[in-house]
Amino acid sequence: MKYTYLGRSGLKVSRLCLGTMNFGVDTDEQEAFRIMDAALDAGINFFDTANIYGWGENAGRTEEIIGRWFAQGGGRRERTVLATKFYGDMSNKNDGPNRDGGLSAYKLRRHLEASLQRLQTDHIELYQMHHVDRNVSWDELWPAFQAAQTQGQIGYVGASNFAGWDLAVAQGEAKARGILGLVSEQHKYNLLCRLPELEVLPAAQGLGIGVIPWSPLDGGLLAGNVRRGGAGKRSGDLKRIEQHAAQLEAYGALCDELGEREDVVSLAWLLANPAVTAPIIGVRTAEQFESSLRAVELELDESTLKRIDEIFPGPGGEAPRAYAW
């Protein structure tokens, strides 16, 4: 396994991040344990989850599974860089109107305490805002994060689904307070979704924020599932599959020439971008996990990267150069 620093922090994380969104939903607890054990054995130390995973009435189930895995001991917790997120409605009736989705010092404190209990740990390395909430000021949020850091409950702060200018504002407010600010941004980024190259990736790279791509295989479209007769559970309807059919066919042919799986090449393409820290691999089975490891070793040469650009054209570079001249 290869490692890199998380943003401008001194924390080293694996170049692949284990996503746990399927645990307790499509993946039962026993298989989830197998996947997490295999991840540690392979050198992956970066695990991502969220308080809302498990979804609906089962929100929190995924964190509980991870907590029971930690409780087995064997150095599991000590070897894991744990990341979780908060924002969504956790259906706690005692919170009244404050149970609605959003950010606040109130939600940060209550949701953090609940996540720590479910995860059976006293600290979380990376605590992330699952979405931006422009109704809440940084005058409220940064002191709340600082308090949690001072108490040793969290190590670093991250964001998810922030625009480039949201990242800039957050870091400006952090700098004014003399604190580190954000170290990471989770963002949807893959070969079929390259719009982040306009603003988010340049902003993150310039501000020392590591980008953690979610949906790196676009729900299965970039994993070769279409060619194998299945599109994946989250890959969209037939209209969308038909829309990208020619691209996916050309991409599959290229991967065949390389002698590599489509999912591996998709992950390797992300890893070739200097703005990217670690794509999140949201596997459902231990076998899927094992096949993903090849991406860390695969280095795509310039001619291959150029051919991929021809199949999946990006926005043309960074803003405003991509459209202004």
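Anyway, here's the lowdown on the structure attached to this text. Keep in mind the model is a prediction, meaning the values are calculated, not measured.

### Section: the overall build of the chain
Tallying secondary structure elements over the chain gives 13 helices and 10 strands in all. Relative to the 2.2 N^0.38 estimate, which gives 20 Å for 325 residues, the radius of gyration of the chain is 20 Å and therefore close to what a compact globule would have. For the C-alpha atoms alone, the extent of the chain along its principal axes is close to 55 × 50 × 35 Å. Looking at the chain as a whole, 53% of its 325 residues are labelled buried. If you take every contact in the chain between residues at least 6 apart in sequence, the share linking residues at least 24 apart comes to 74%. For the chain, the accessible area works out to roughly 14400 Å², and carbon and sulfur atoms hold 48% of it. Side chains of the chain carry 34 positive and 43 negative charges; the gap between the two charge centres is 2 Å.

### A word on the pattern of salt bridges
Pairing between side chains of opposite charge can happen when the charged atoms of each approach one another. Under the counting rule described, the total for this entry stands at 16 salt bridges. The salt bridge involving R77 is made with E125; its shortest N-O contact spans 2.9 Å. On the criterion of sequence distance, the pair formed by R77 in the loop between helix 2 (61-70) and strand 5 (81-86) and E125 in strand 6 (residues 124-129) is long-range, its members being 48 residues apart. Accessibility classification places R77 together with E125 in one group, the buried group. As a salt-bridge pair, E260 and R294 come within 2.6 Å of each other at their nearest N and O atoms. Of this pair, E260 sits in the loop between helix 8 (245-258) and helix 9 (262-271) while R294 sits in helix 11 (residues 294-297), placing them 34 residues apart in sequence. With relative accessibility at 16%, the residue E260 sits in the buried group.

### Structural notes on the side chain of S292
Here S292 is to be found in helix 10 (residues 286-292). Since its relative accessible area comes to 5%, S292 is described here as buried. For S292, the residues in contact, after removing those within four places along its chain, are L16, L267, I281 and V283.

### Focus: the sheet that holds strand 6
The 8 strands are arranged 9-8-7-6-5-4-3-10 in an open sheet whose pairing can be described as parallel. Two strands bound the open sheet, and with one partner strand each, they are strand 9 (210-214) and strand 10 (280-281). Two elements, strand 8 (residues 182-188) and strand 9, share 5 bridges in a ladder whose sense is parallel. Note that in strand 9 the partner of E185 across the bridge is V211.

### So, helix 6 (residues 200-207)
All buried positions along helix 6 are accounted for by V200, L201, A203 and A204. What you see down the axis of helix 6 is that its buried residues fit within an arc of 165 degrees, all on one side. Two residues or fewer past helix 6, G208 is found with a positive phi of approximately 75 degrees.

### A closer look at the packing of helix 8 against helix 9
Running from amino to carboxyl end, helix 8 crosses helix 9 at an angle of 90 degrees, the nearest separation of the two axes being 9 Å. Between helix 8 and helix 9, the angle falls in the class roughly perpendicular. Residue-level inspection shows Y251, G252, C255 and L258 of helix 8 in contact with helix 9, the latter providing E262, V265 and S266. Grouping the constituent residues of the contact of helix 8 with helix 9 by class yields 4 nonpolar, 2 polar and 1 charged.

### Here we look at the packing of aromatic side chains
As enumerated under the stated definition, the model contains 10 aromatic pairs in all. Among the aromatic residues, ring-to-ring pairing joins F86, Y127, W138, W142, F145 and F162 into one connected group. A cation over an aromatic ring shows up here: R77 above the ring of F70, its NZ or CZ 5.2 Å from the ring centre.

### Brief notes about unusual backbone geometry
The linkage connecting A319 with the following residue, P320, adopts the cis geometry, with an omega of 0 degrees. Along the chain, the position of P320 falls in the loop between helix 12 (302-311) and helix 13 (321-324). Unlike most non-glycine residues, N161 shows phi in positive territory, near 65 degrees. Within the secondary structure, N161 sits in the loop between strand 7 (154-160) and helix 5 (164-176). Looking at N161, the relative accessible area reads 22%, which means it is partly exposed.

### What to know about the nonpolar core
Of all hydrophobic cores here, the largest spans 79 residues; its most connected members are L18, M36, I44, M129, F145, L182 and F289. When neighbours within four sequence positions are excluded, F145 is seen to be in contact with F86, L108, Y127, M129, I154 and V157.

### Overview of the packing of helix 8 against helix 12
Two elements in contact, helix 8 and helix 12, have axes whose closest approach is 10 Å; the angle formed by their N-to-C orientations is 165 degrees. By the criterion of interaxial angle, the relationship of helix 8 to helix 12 is roughly antiparallel. Where helix 8 crosses over helix 12, the handedness of that crossing is right-handed. Facing Q247, A250, Y251, L254, E257 and L258 of helix 8, the residues of helix 12 in contact are T304, R307, I308 and I311. Considered class by class, the residues forming the contact of helix 8 with helix 12 number 6 nonpolar, 2 polar and 2 charged.

Definitions and cut-offs
- Residues numbered from 1 in each chain as written.
- Predicted model: local features only at pLDDT ≥ 70, side-chain atom pairs only at ≥ 80, totals over all residues.
- Heavy atoms only, no water.
- Helix = DSSP H or I, 4+ residues; strand = E, 2+ residues; numbered from the N terminus.
- Rg over C-alpha atoms; globule rule 2.2 N^0.38 Å.
- Buried < 20%, exposed > 50% of the residue type's maximum accessible area, 1.4 Å probe, protein only.
- Contact = heavy atoms within 4.5 Å.
- Areas by Shrake-Rupley, 256 points an atom, 1.4 Å probe, with all protein chains shown as cover.
- Lys, Arg positive; Asp, Glu negative; His and termini not counted.
- Charge placed at Lys NZ, Arg CZ, Asp CG, Glu CD.
- Salt bridge = Lys/Arg side-chain N within 4 Å of Asp/Glu carboxyl O.
- Pairing = 2+ DSSP bridges.
- Arc of directions from axis to C-beta.
- Axes fitted to C-alpha atoms, helices over the stretch in contact; angles between N-to-C directions.
- Parallel < 35°, antiparallel > 145°, perpendicular 65-115°, else oblique.
- Nonpolar A, V, L, I, M, F, W, Y, C, P; charged D, E, K, R; others polar.
- Phe/Tyr/Trp six-rings, centres within 6.5 Å; stacked < 30°, edge-to-face > 60°.
- Lys NZ or Arg CZ within 6 Å of the ring centre and 35° of its normal.
- Core = buried A, V, L, I, M, F, W, Y, C linked by side-chain atoms within 4.5 Å.
- Left-handed = near helix turned anticlockwise from the far one by under 90°.

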